[in-house]
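Notes for the structure review
In case you want the letters, here they are:
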Amino acid sequence: MLHSKIIDLKKEKIEVNKAEEFISSSKFGASLIFKGTVRETNENKKVTGITYDSHDAMVIKSFEEIYSEIDQKLKIKDKAVYIEHVKGYLGLGEISIIIAVACPHRAETYILSRYIIEEIKKRSPIWKKEHYENEDSEWLKGNPIQAN
Amino acid sequence: MKVKLELFGASRDLSDKDFLEFNLEKKISIKDLKKKIINYVDQNFKGNENFKKIIETSSFCSEDNNIISDNYKITKDQKIGIIPPIGGG
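These numbers come from a predicted model, not from an experiment.

1. A short note on the overall build of chain B
When helices and strands are tallied, chain B shows 2 helices and 7 strands. Order of helices (α) and strands (β) in chain B, N terminus to C terminus: β-β-β-α-α-β-β-β-β. For chain B, the C-alpha radius of gyration of 12 Å lies close to 12 Å, the compact-globule estimate for 89 residues. If one aligns the C-alpha atoms of chain B with their principal axes, the spans along those axes are about 35 × 30 × 25 Å. Classification of the 89 residues of chain B by burial places 49% in the buried group. At a minimum sequence separation of 6, the contacts of chain B that also span at least 24 residues come to 49%.

2. Structural notes on the environment of Ser15 of chain B
Residues and elements named next belong to chain B. By secondary structure assignment, the location of Ser15 is in the loop between strand E1 (2–6) and strand E2 (19–23). A relative accessible area of 19% places Ser15 in the buried class. Other than its neighbours up to four places away in sequence, Ser15 contacts Leu7, Leu20 and Tyr40.

3. Some words on the interface of chain B and chain A
Contacts between the two partners involve 19 residues from chain B and, on the opposite side, 27 residues from chain A. Summed over both sides, the interface between chain B and chain A buries roughly 2000 Å², with carbon and sulfur atoms accounting for 59% of that surface. If you sort the residues of chain B by the area they bury against chain A, Asn65, Ile86 and Gly89 of chain B come out on top, with a joint share of 35%. Our count for the contact surface shared by chain B and chain A stands at 1 salt bridge. Among the salt bridges present, the one from Arg12 of chain B reaches Asp53 of chain A, with a minimum N-O distance of 2.6 Å. Counting every contact that joins chain B to chain A gives 10 residue pairs in polar contact (both at pLDDT 80 or more). Residues belonging to the side of chain B that touches chain A are distributed by class as follows: 8 nonpolar, 8 polar and 3 charged.

4. Here's the deal with helix H2 (residues 49–57) of chain B
Residues and elements named next belong to chain B. Within H2, burial applies to Phe51, Lys52, Ile54 and Ile55. End-on, the buried residues of H2 take up no more than an arc of 155 degrees, which puts them together on one face. Facing away from the buried side of H2 by more than 90 degrees, the exposed set consists of Glu49, Asn50, Lys53 and Glu56. Looking at the packing, one finds that the buried side of H2 touches helix H1 (30–44). Put simply, Asn48 is the residue that caps the front of H2, since its side-chain oxygen is 2.9 Å from the backbone nitrogen of Asn50.

The rules behind these values
Residues numbered from 1 in each chain as written. Chains lettered and ligands numbered in written order. Predicted model: local features only at pLDDT ≥ 70, side-chain atom pairs only at ≥ 80, totals over all residues. Heavy atoms only, no water. Helix = DSSP H or I, 4+ residues; strand = E, 2+ residues; numbered from the N terminus. Rg over C-alpha atoms; globule rule 2.2 N^0.38 Å. Buried < 20%, exposed > 50% of the residue type's maximum accessible area, 1.4 Å probe, protein only. Contact = heavy atoms within 4.5 Å. Buried area = accessible area lost by both parts, 1.4 Å probe. Salt bridge = Lys/Arg side-chain N within 4 Å of Asp/Glu carboxyl O. Polar contact = N/O pair within 3.5 Å; in protein donor to acceptor, adjacent residues only side chain to side chain. Nonpolar A, V, L, I, M, F, W, Y, C, P; charged D, E, K, R; others polar. Arc of directions from axis to C-beta.

Take a look at the structure:
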């Protein structure tokens, strides 16, 4: 069971309680909610906020592909996965991504949550522009995405 | 033939709009499209090396949201997305 969405901050908010509701089931004995948030420093620079950009269709496609590979790669069959990522401007401490997972047992939830965020970092076309205290801003260097 | 290049991430600094448009006389590959974009940077941004590096390190995607190789041929009017190095989360 997968929920995946890009949250356009001009239109709506990202909300943890929705993630919790989605993964809640008596089938599962363990659940884990990962939140990525905006940090106040990066490489010794004082950050005031981040603008996120995304290629929405490709991001959703990448989330679906990551989810569909879990059975084979991690051998985790019973699971609920909720992934939302924002696009737009966020201030310090605000949530950029929620990955909520639920499985029958705790070990699977830790493996699954970690796997999903690491794959998103490698595969999902999302970009960050950091804004700094001196009013400069900069697109962060990332990793090139490769053709399959 | 018209190619609409949709801009994402750092490539958004190439225009005030969300895209660049290229009018082409013949079929070209992605490799050749990259050269056209670099020419655009030479003409409009005095050859800004940072912009050129973004283009050189970017991938490209088709209208059906697949990453395409340098050899991919553009044969008709279409939208192509430029995908600079990624790093969300």
